[in-house]
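Residue-level structural notes
Here are the chains, one letter per residue:
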Amino acid sequence: MKKNILLTFLVFITTVTSLFAQDDSGPAAFMSISGTLGRHTINFKNFAKSPGFSFGFSVSAGIYAVNNEDYRGGIQITLLEGASRNEERRATSEAFMPPHDEFDKHIIFKFAQFRSATIGWFSEFDTSDNFTIYHQLGFGIFGTTESDQLLDFGMSNQLGALTGDPENFRGRFGLNYDTTFGTGNPNYTQNNIGFTFGGFRSF
């Protein structure tokens, strides 16, 4: 199964790369650092939800595989670190009776720390000399990182804009959405949606 997924991903990258002419004068890689503000929710299946205001930061780095005049894309990795607070979260996690008792029960703090670490594809579309639309999609892990960790298979989706001179440091603004698919422990799912604001540099 894992070999089939990897093969499909490699075929996709090869196909996309072949659709665009490569421009050797374009950038080779990028790095971005952004702060995030949003809402992180832990769902206790068939029992309750535990939303809370979230904050944190994300770091992305990528290598360009396609470098067209108005489109660029390639492989990227993204790390999101954050935390959120819900006054009732600890009590909710203690009272929760998991519907699938063959899976572990987790005690989750009022002030929950969480992390997303993903790898995937990024795209950049130039709409003018100083304005670029970007999109990042990655898959990896997402979940709480406390003493009783609750990690699961996850997806990270980011969409936003880059502003400023492409030859220099650029502003980066957008939205990010991280979520789990419940494959590791179906008693719990999590998601985080937030605004991002920071900087971007290609080189």
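Going by the structure above, here's the rest.
This text gives an overview of the structure that appears in the document. Note that the structure is predicted; figures quoted are calculated from it, not measured. (Residues numbered from 1 in each chain as written. Predicted model: local features only at pLDDT ≥ 70, side-chain atom pairs only at ≥ 80, totals over all residues. Heavy atoms only, no water.)

This part covers the side chain of D178. With respect to the element layout, D178 can be found in strand 7 (residues 170–180). At 10 Å, R172 is the nearest oppositely charged side chain to D178, a buried residue that forms no salt bridge. Within the structure, the side chain of D178 is placed 3.3 Å from the side chain of S156, a separation counted as a polar contact. Within the structure, D178 has its side chain in polar contact with the side chain of N176 (distance 3.2 Å). Residue contacts for D178: discarding those within four places in its chain leaves L80, S116, F142, M155, S156, Q190, N191 and N192. (Helix = DSSP H or I, 4+ residues; strand = E, 2+ residues; numbered from the N terminus. Buried < 20%, exposed > 50% of the residue type's maximum accessible area, 1.4 Å probe, protein only. Lys, Arg positive; Asp, Glu negative; His and termini not counted. Salt bridge = Lys/Arg side-chain N within 4 Å of Asp/Glu carboxyl O. Polar contact = N/O pair within 3.5 Å; in protein donor to acceptor, adjacent residues only side chain to side chain. Contact = heavy atoms within 4.5 Å.)

Glancing now at unusual backbone geometry. Positive phi values are uncommon outside glycine, yet N46 reaches one of about 60°. Given the relative accessible area of 69%, N46 is considered exposed.

Here strand 1 (residues 29–44) runs beside strand 2 (residues 48–67); their pairing, made up of 16 bridges, is antiparallel. In the sheet register, T41 faces strand 2, and the bridge partner there is P51. Joining the antiparallel neighbours strand 1 and strand 2 is a turn of three residues, in which N46 adopts a positive phi near 60°. Pairing between strand 2 and strand 3 (residues 71–85): 14 bridges, direction antiparallel. Within strand 3, the residue paired with S58 across the bridge is L80. Hairpin geometry of strand 2 and strand 3 is characterised by an intervening segment of three residues between the two adjacent antiparallel strands. (Pairing = 2+ DSSP bridges.)

Our next topic: the nonpolar core. Core analysis: the biggest nonpolar cluster contains seven residues, these being I42, F44, F96, I108, A112, L150 and Y188. Leave out the neighbours within four places in its chain, and I42 touches A48, K49, S50, R89, I108, A112, T144, T189 and Q190. Among the nonpolar cores identified, the runner-up in size contains six residues, and F30, Y64, Y134 and L162 belong to it. (Core = buried A, V, L, I, M, F, W, Y, C linked by side-chain atoms within 4.5 Å.)

Before going further, it helps to examine the packing of aromatic side chains. One pass over the structure, following the stated rule, counts 14 aromatic pairs. With a centroid separation of 5.2 Å and 20° between ring planes, the pair formed by F30 and F200 is classed as stacked. Of this pair, F30 sits in strand 1 while F200 is found in strand 8 (residues 188–202), placing the two residues 170 residues apart along the sequence. Of the two residues, F30 and F200, neither departs from the other in class, the shared state being buried. Look at F44 and Y188: their rings are 5.8 Å apart centre to centre, the planes differ by 70°, and that puts the pair in the edge-to-face class. Linking F44 in strand 1 with Y188 in strand 8, this pair joins segments that are 144 residues apart in sequence. (Phe/Tyr/Trp six-rings, centres within 6.5 Å; stacked < 30°, edge-to-face > 60°.)

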